[in-house]
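Read off the chains here:
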Amino acid sequence: MRPLRLLAAVTGSPRLLAAAPRSGTAPVHVPPDSLSGAGGTAPAPDRPSSRTRLRAWAELLRVSALFTVPGDALAGAAATGRRPARGTALAVGASLCLYEAGMALNDWADREEDAVDRPHRPIPSGRVAPGAALAAAGALTAAGLALAARAGRPALAVASGLAATVWAYDLRLKHTRLGPAAMASARALDLLLGATATAGAASAAPGPAGTHAAPGPAGAHPPSAALPAALALGAHTYAVTAVSRHEVQGGSTAAPLAALAGVAGLGAAALRGRPAHGEPSPAPATGTLLLPAFVAAYLRTAAVPLLHAALNPSPPLTRRAVGGGIRAMIPLQATLAARAGSPLVGLAAMGLVPLARALSRKVSPT
């Protein structure tokens, strides 16, 4: 036996056995792709599994922050004095689509910056193609506008303004002084979308015989009654966005302190005296019990991490403050709904808190 075949016989190597020619015979050619050290066949080329691709898109779209969106429409509907209905559901769907469009567009626009500061993000890490993210942003925007159109022309007009604000923020305004104001405007418009869609769908519903519109319930208000709630949500968003501009480098004490003061002011305003002009009064029994609980949940979720970031403005604590500010939008929406006279709607919004908290442990909202 030749030395090569002897070595193959001793080691049991199929590659050596196949490559070693027998006496008097031509060498056996074995394609290299058909061999492996595990069992004679090479594994298929590395391709990300469905679960890996799904997680990459979940990170790109920041799905854990999605639970902060439905409360915008619910608070807007409550501000009009109407119960959530078909128009509210359409507004929620439109808001979710436009929010996710903004997330995909954000990472597409920041792909070069993230390649340096956040190479683990889905696009710079190669897990999501830039073109796919941009296409998703366009498709989600179209879907959001289509859903808003189902709720009437006024709702479509508000949704169009919201979509334009989202695209302007991601593509142009994000790194300017107008960035926080643009983000605050987008969130305020989202709440107004809920108010407009709820009122618009209700007025378009068939009414009694011989009429073209169903009469509004007693105490119903026009969508403009949602302006105070929209301004409150916008103020909170402005504060959180201002802090988020330092989440990569850290080092800012002023931004968390200013945001902390803003959060405290919003909490105090929600509990102070009677609602502002144009806002309905909360239900005396249930509202009196739930409103302080919602405000306490809002302050605990937003204020505590902001205080930590102000005392130690490191990037991890700053990111934690931003995440807390995002999650705090849910109890703030519940607060606004209870203050508008719909504490049970606020309670329904608060039901999203455990889901947002659980998913944020797996997918970061920032």
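Below: a short report on this structure.

Cut-off values and rules
All chains use their own residue numbering, which begins from 1 and follows the written sequence. Only residues with pLDDT of at least 70 are given local features in this predicted model, and only at 80 or more are side-chain atom pairs given and counted; all residues enter the totals for whole chains, interfaces and linings. Side-chain metrics in this entry use all non-hydrogen atoms of the structure; hydrogen atoms and water are not considered. Here, a salt bridge means any side-chain nitrogen of Lys or Arg that lies within 4 Å of a carboxyl oxygen of Asp or Glu. For the purposes of this entry, the term helix denotes a DSSP run of H or I that reaches at least four residues, the term strand denotes a run of E that reaches at least two, and both are numbered from the N terminus. Categorising residues by exposure relies on relative accessible area from a 1.4 Å probe, with only protein chains included: less than 20% of the type maximum marks a residue as buried, more than 50% marks it as exposed, and the intermediate range marks it as partly exposed. Interaxial angle, 0 to 180 degrees, is taken between N-to-C directions of lines fitted to C-alpha atoms, where a helix line uses only the stretch in contact. Should an angle fall under 35 degrees it is called roughly parallel, over 145 degrees roughly antiparallel, and 65 to 115 degrees roughly perpendicular, with every other angle called oblique. Working rule for contacts: check all heavy atoms of both residues, and any pair within 4.5 Å makes them a contact. Side-chain classes follow a simple rule in which Ala, Val, Leu, Ile, Met, Phe, Trp, Tyr, Cys and Pro form the nonpolar group, Asp, Glu, Lys and Arg form the charged group, and the remainder, Gly included, forms the polar group. Here a crossing is taken to be left-handed if its near helix is turned anticlockwise relative to the far helix by less than a right angle, and right-handed if that turn runs clockwise. Here a Phe, Tyr or Trp ring, Trp counted by its six-membered ring, pairs with any other such ring whose centre lies within 6.5 Å, and the pair is stacked when the planes are under 30 degrees apart, edge-to-face when over 60, and tilted otherwise. Distance and angle both matter: a charge sits over a ring if NZ of Lys or CZ of Arg is within 6 Å of the ring centre and within 35 degrees of the ring normal. Within this scheme, the nonpolar core is defined by two criteria: the residues are buried Ala, Val, Leu, Ile, Met, Phe, Trp, Tyr or Cys, and they are joined through side-chain atoms within 4.5 Å. Side-chain atoms alone can form a polar contact between residues adjacent in sequence; in general such a contact is a pair of N or O atoms within 3.5 Å, and within protein one must be able to donate a hydrogen while the other accepts it.

## Some remarks on the pattern of salt bridges
If the charged atoms of two oppositely charged side chains come close together, the side chains can form a pair.
Here comes step 1: This structure, assessed with the given rule, holds seven salt bridges.
Here comes step 2: Between Asp107 and Arg121 there is a salt bridge, with its nearest N and O atoms 2.6 Å apart. One end of the pair, Asp107, is in helix H5 (residues 86-109); the other, Arg121, is in the loop between helix H6 (111-117) and helix H7 (130-150), and 14 residues separate them in sequence.
Here comes step 3: Look at Asp107 and you get buried, because its relative accessible area is 1%.
Here comes step 4: Connected via shared salt-bridge partners are Arg55, Glu59 and Arg127.

## Here's the deal with unusual backbone geometry
Here comes step 1: Its identity as a non-glycine residue notwithstanding, Arg62 has a phi of 50°, on the positive side.
Here comes step 2: Of note, Arg62 is situated in the loop between helix H3 (50-61) and helix H4 (70-79).

## Quick notes on the packing of H4 against helix H14 (residues 329-339)
Here comes step 1: Running from amino to carboxyl end, H4 crosses H14 at an angle of 10°, the nearest separation of the two axes being 8 Å. Taken together, the axes of H4 and H14 lie roughly parallel to each other. Residues Gly71, Asp72, Ala75 and Ala78 of H4 touch H14, and the partners they reach there are Gln333, Leu336 and Ala337.
Here comes step 2: Counted by class, the contact of H4 with H14 contains four nonpolar, two polar and one charged residues.

## Examining the packing of helix H10 (residues 227-244) against helix H13 (residues 315-327)
Here comes step 1: In the contact formed by H10 and H13, the axes pass within 9 Å of each other and the chain directions differ by 160°. Viewed along their axes, H10 and H13 adopt a mutual orientation that is roughly antiparallel. Between H10 and H13 lies a crossing whose hand is left-handed. Contacts from His236, Val240, Val243 and Ser244 in H10 reach Thr318, Val322, Gly325 and Ile326 in H13.
Here comes step 2: Here the residues of the contact of H10 with H13 sort into four nonpolar, four polar and no charged.

## Quick notes on the packing of aromatic side chains
Here comes step 1: This structure, assessed with the given rule, holds zero aromatic pairs.
Here comes step 2: The residue whose ring lies beneath Arg111 is Trp108, and the NZ or CZ to ring-centre distance is 4.3 Å.

## Observations concerning the nonpolar core
Here comes step 1: Ranked by size, the top nonpolar core spans 51 residues in total, and within it Leu191, Leu193, Tyr298, Leu306 and Leu336 carry the most contacts.
Here comes step 2: Not counting residues up to four positions away in its chain, the partners in contact with Leu193 are Ala91, Ala94, Ser95, Ala148, Ala155, Val158, Ala159 and Leu162.
Here comes step 3: Residues Leu290, Ala297, Met350 and Leu352 belong to the second largest nonpolar core, which totals 13 residues.

## Here's the deal with the environment of Ala321
Here comes step 1: In this structure, Ala321 sits in helix H13.
Here comes step 2: In sequence terms Ala321 and Val240 are 81 residues apart; their C-alpha atoms lie 8.1 Å from each other.
Here comes step 3: Residue contacts for Ala321: discarding those within four places in its chain leaves Pro305, Leu306 and Ala309.

## Focus: the side chain of Thr196
Here comes step 1: Within the element layout of this structure, Thr196 appears in helix H9 (residues 179-204).
Here comes step 2: Residue classification places Thr196 among the buried positions, given a relative accessible area of 11%.

## Quick word on the side chain of Ser64
Here comes step 1: Looking at where Ser64 falls in the secondary structure, it is placed in the loop between H3 and H4.
Here comes step 2: For Ser64, a relative accessible area of 2% puts it in the buried group.
Here comes step 3: Within the local environment of Ser64, its side chain forms a polar contact with the backbone oxygen of Val363, the two atoms lying 2.7 Å apart.
Here comes step 4: Those residues in contact with Ser64, other than ones at most four positions away along the chain, are Ala356, Leu359, Ser360, Val363, Ser364 and Pro365.

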